[in-house]
Each structure stands twice: as structure tokens, then as C-alpha cells.
Amino acid sequence: MHFPGHSSKKEESAQAALTKLNSWFPTTKNPVIISAPMYLIANGTFAAEVSKAGGIGFVAGGSDFRPGSSHLTALSTELASARSRLGLTDRPLTPLPGIGVGLILTHTISVPYVTDTVLPILIEHSPQAVWLFANDPDFESSSEPSAKGTAKQIIDALHASGFVVFFQVGTVKDARKAAADGADVIVAQGIDAGGHQLATGSGIVSLVPEVRDMLDREFKDREVVVVAAGGVADGRGVVGALGLGAEGVVLGTRFTVAVEASTPEFRRKVILETNDGGLNTVKSHFHDQINSNTIWHNVYDGRAVRNASYDDHAAGVPFEENHKKFKEAASSGDNSRAVTWSGTAVGLIKDQKPAGDIVRELREEAKESIKKIQAFAA
């Protein structure tokens, strides 16, 4: 594995024209496209296809890290699938190139087990990176600095085993803490993103430059990379994010309709048919409430496609009545009230393609957009 900062001077010189992400992930091609570790969607085969196309593919690692949990079993299985897809089944000591694992840290009963249960799986299967998100601020503030399960303790343990650590944030304040805790890559996620995120935040147009400036001022002794997430679905968005100061770009919603993703057909249909994402997606705690999902701290909420359940909520229908409709619809096979996580860029997504084709298409679209922009500088 390649640990940040361990390159020789000769290696650094040879890579001078490349980005830090390229040096940590040699199989990547610029601009670096990263698929988000979406729970129940980002499987090992999917991540491997992103990697094969020159991107960084993340496998969802879940949130329950207690011994014997189904999340741990699934993670091991999906990493084995990624190794198989990359043709590395017979080479167990070879790291999985361009493959990472995403861990959700909001389940406070579970996070103290990460170093005991997750780390052995990571060491066995050798992905290159680990993406951390949603640590509980109450747990962080009440724990001793050396306590098991704090962000810093987990990052230190991951570094000791050679992993590049990504940390997802939604504010400059959280980016500062993540960098102070040792994160190598700050995932600056704007509120246009689909799925779970900070309940209070801003779009990437202001977030990414301010995070980049803060890191340049306050962490001069080390190079912390920024990648942008939220509201990007095509090459034009990729170029915009790069112009804001990001070194790579994360996409989630665009990849939910990748052929290899584990997205159910009814959710694929919702994504492909939804337009005008600013109007037809909603960022709210309601989506978790209707799903009876209680692991998320109230500093986090999520963006999803507006549906009948949310419309009833907005119209003032009592929650108990609304939840009864939700459960009755689910039991009858009616998916019209099911939550479909989606970002505001959903209206740009019109077709399903293999994950590798999406990566290559985004990269070429970005290059064409850059050529058009260059005309303004002539």
C-alpha cells in the first residue's frame, strides 16, 4: 500500500506534472472521477469498473461494525468481488488499485469496534483508501482523545496500516477538524448532494474555495487534498468543481443508474424520470423519520426525490397517518412512497450505462468543456 508522504524525491519529481491523487492512486486518469460509497448501491463489481476506467471506486461498508454484523460480512464479500473483477483473486497480496471503502460513523454503539472488526477486513483485502463520514459530534466531544471510535483514533489506525483517508464534510469548521485529525482528502460536500449530509451547509461554489483557502492557510506543513461532491452529474459540473479548487470530483446520483450498481429498478426509474432537481428533490430529516431510521444524529439530514409521503407531510398530514400509508404501500408492493435519495442534478441524468462508460464519458465531456473555456482566455 502507498501511504501519503512516503514517496521518494525521485518519485515526486517524476510525478510533478500529476496531482497528489494521481501519486496516491497511480491507476487514475485526470480529471479524477470518484464514485461515492452509497450504502446498498456501491458494490464491489461496480467499484472495480470505476477503477478500471481510471477513477476511484468506493464500496459501501455500512455502519454496523459490531462482531458478526451483516455489514461486515457484506463488506468482505464485496471486496472479494472487486478483487475478482480486477483479476486479482490469485494475487491476495496485491492492493486493490483505485478501490476504497466507505464507513458511516454515526452508530456510536458500533464505532468503537472499527479497529477490531473492520481493519482486519481492510488489511485482508487491501483497498487503497477509506472514506469516513458522519461521526457523532456528541460522542466526539465527550470521549477522551485516545478513546476507541473517535475520528482521530480511527484515522491514526488506518494510517498505521497504510490507507489513504478521505473524510466527508459539509462546512469549513468540519473540514478544519477533519484535517486536524489527520485526514488526507477532504470531501467537501455541498447541499445539492443526494443522500445524507450536514443539515446546515452551502453549495460547492462557496464551500470548496473556502475549504481550500483554509487548508492552505492553516495546514501549510502538509498537503491536504480537496475533492468536491454534490450537484455534479456531467462533465461541465466536473470542470466547474475543478475550477473551484478541487483535485477530483465525487458523483453519487449519476452512478445510482450505473448498470452494475445495486439500485432497485423502481428507484432507477424515479431517477431517470425526475427533472428540475431544485424543485423535485427535498433536503429534510423527514426522509429518515418515515423510514424509521434512527442512527443519524440530528446534525445530518438527507436529500431525496419528492414523493407522495413528503407531499402529505408538507400538507400537514399527521405523521402517524402518513407513516401508516407508507407502511401499507410498502407491504402491498407500491413503491410510490419509498425514499429515493437523489441530488439536485438528477434532471441531467437520462440513461443507464456501465459504470466504466460513465467515468470515461465524464472525463471526455470535461476535456471538451475545458477546450471551450480556453477560448475565453485567448
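Residues numbered from 1 in each chain as written. Predicted model: local features only at pLDDT ≥ 70, side-chain atom pairs only at ≥ 80, totals over all residues. Heavy atoms only, no water.

The protein chain goes by FMN-dependent 2-nitropropane dioxygenase in an unreviewed UniProt entry, where it is assigned to Neurospora intermedia.

Before going further, it helps to examine the sheet that holds strand β10 (residues 281–284). Adjacent strands of a sheet form backbone hydrogen bonds with each other and so pair up, either parallel or antiparallel. Taken together, the three strands give an open sheet; going across it, the order is β7-β11-β10, and neighbouring strands pair in antiparallel fashion. Each of the sheet's edge strands pairs with one partner strand only, and the pair in question is β7 (195–198) and β10. Across the sheet, the axes of successive neighbouring strands diverge by a mean angle of 25°, strand direction being ignored. (Pairing = 2+ DSSP bridges. Helix = DSSP H or I, 4+ residues; strand = E, 2+ residues; numbered from the N terminus. Axes fitted to C-alpha atoms, helices over the stretch in contact; angles between N-to-C directions.)

In terms of burial, helix α3 (residues 44–52) is a largely internal element, seven of the nine residues being buried. Burial in α3 covers these residues: Gly44, Phe46, Ala47, Ala48, Glu49, Val50 and Ser51. Against the buried residues of α3 lie β1 (32–35), β2 (56–60), α4 (70–85), β3 (96–104), α11 (253–256) and α17 (355–374). (Buried < 20%, exposed > 50% of the residue type's maximum accessible area, 1.4 Å probe, protein only. Contact = heavy atoms within 4.5 Å.)

For soluble globular proteins, nonpolar side chains are generally found buried alongside one another. Within the largest apolar cluster, 97 residues are counted, with the highest numbers of intra-cluster contacts made by Leu132, Phe166 and Phe255. Sort the elements by how many residues they give to this core and helix α9 (residues 204–218) lands first, with six residues. Excluding residues that lie within four positions of it along the chain, phenylalanine 255 makes contacts with Ile33, Ile34, Ser35, Met38, Phe46, Val50, Ala261, Ala355, Ile358, Val359 and Leu362. Judged by nonpolar contacts, the second largest core, of seven residues, contains Val282, Ile290, Phe326 and Val339. (Core = buried A, V, L, I, M, F, W, Y, C linked by side-chain atoms within 4.5 Å.)

By the definition in use, this model includes 23 salt bridges. A salt bridge links glutamate 140 to lysine 177, with the nearest nitrogen and oxygen atoms 3.1 Å apart. Taken together, the residues span a long stretch of sequence, with glutamate 140 in helix α6 (residues 137–142) and lysine 177 in helix α8 (residues 172–180) at a distance of 37 residues. By relative accessible area, which is 35% here, lysine 177 ends up partly exposed. Measuring nitrogen to oxygen at the nearest pair gives 2.1 Å for the salt bridge that ties glutamate 361 to lysine 353. Accessibility expressed as a relative area gives 21% for lysine 353, which makes it partly exposed. Several salt bridges share partner residues, and in doing so they unite Arg254, Asp351, Lys353 and Glu361 into one network. (Salt bridge = Lys/Arg side-chain N within 4 Å of Asp/Glu carboxyl O.)

What follows concerns the packing of aromatic side chains. Here the structure, examined in full by the defined rule, presents 10 aromatic pairs. Here the aromatic rings of phenylalanine 58 and phenylalanine 166 are separated by 5.1 Å at their centres, their planes lie at 75°, and the arrangement is edge-to-face. Here phenylalanine 58 is found in strand β2, whereas its partner phenylalanine 166 is found in strand β5 (residues 164–169), with 108 residues between them in sequence. Exposure remark for phenylalanine 58: the relative accessible area of 0% places this residue in the buried category. Aromatic rings pair up to connect Phe25, Phe58, Trp131 and Phe166 into one cluster. (Phe/Tyr/Trp six-rings, centres within 6.5 Å; stacked < 30°, edge-to-face > 60°.)

The next thing to look at is the side chain of serine 126. Relative to the elements of secondary structure, serine 126 occurs in the loop between α5 (114–125) and β4 (127–133). Residue classification places serine 126 among the buried residues on the basis of a relative accessible area of 6%. A distance of 3.4 Å separates the side chain of serine 126 from the backbone oxygen of isoleucine 123, its partner in a polar contact. (Polar contact = N/O pair within 3.5 Å; in protein donor to acceptor, adjacent residues only side chain to side chain.)

Here we come to the packing of helix α10 (residues 235–243) against α17. At their nearest, the axes of α10 and α17 sit 7 Å apart, and the two run at 65° to each other. Along this stretch, α10 crosses α17, giving a crossing that reads as right-handed. Along the contact surface, α10 presents Gly235, Arg236, Val238 and Val239, while α17 presents Leu362, Glu365, Ala366, Ser369, Ile370 and Ile373. (Left-handed = near helix turned anticlockwise from the far one by under 90°.)

Moving on: the pairing of β4. Counting buried residues in β4 gives seven out of seven residues, a clear majority hidden from the surface. In this structure, β3 lies alongside β4, joined through six bridges in parallel fashion. Residue pairing for β4: isoleucine 104 is matched across the bridge by phenylalanine 133. Note on the crossover from β3 through α5 to β4: the handedness is right-handed. (Right-handed = clockwise from strand over helix to strand, strands pointing away.)

In this section: the packing of α5 against helix α7 (residues 151–160). Following both chains from N to C, one finds α5 and α7 inclined at 30°, their axes separated by 11 Å at the closest point. Comparing their axes, α7 and α5 come out roughly parallel. For the pair α5 and α7, the crossing hand works out as right-handed. Each of Val114, Thr115, Leu119 and Leu122 in α5 lies in contact with α7, whose residues at this interface are Gln153, Ile154, Ala157 and Leu158. When its residues are assigned to classes, the contact of α5 with α7 shows six nonpolar, two polar and no charged. (Parallel < 35°, antiparallel > 145°, perpendicular 65-115°, else oblique. Nonpolar A, V, L, I, M, F, W, Y, C, P; charged D, E, K, R; others polar.)

Attention now goes to the sheet that holds β3. Taken together, the eight strands give a closed barrel; going around it, the order is β1-β2-β3-β4-β5-β6-β8-β9, and neighbouring strands pair in parallel fashion. The mean angle between the axes of side-by-side strands here comes to 25°, regardless of whether they run parallel or antiparallel. The strands that α8 touches are β5 and β6 (185–189); relative to β5, the one it contacts most, it runs at about 160°. The sheet contacts of α10 involve β1, β8 (225–229) and β9 (248–251), and relative to β9 the element is tilted by about 135°.

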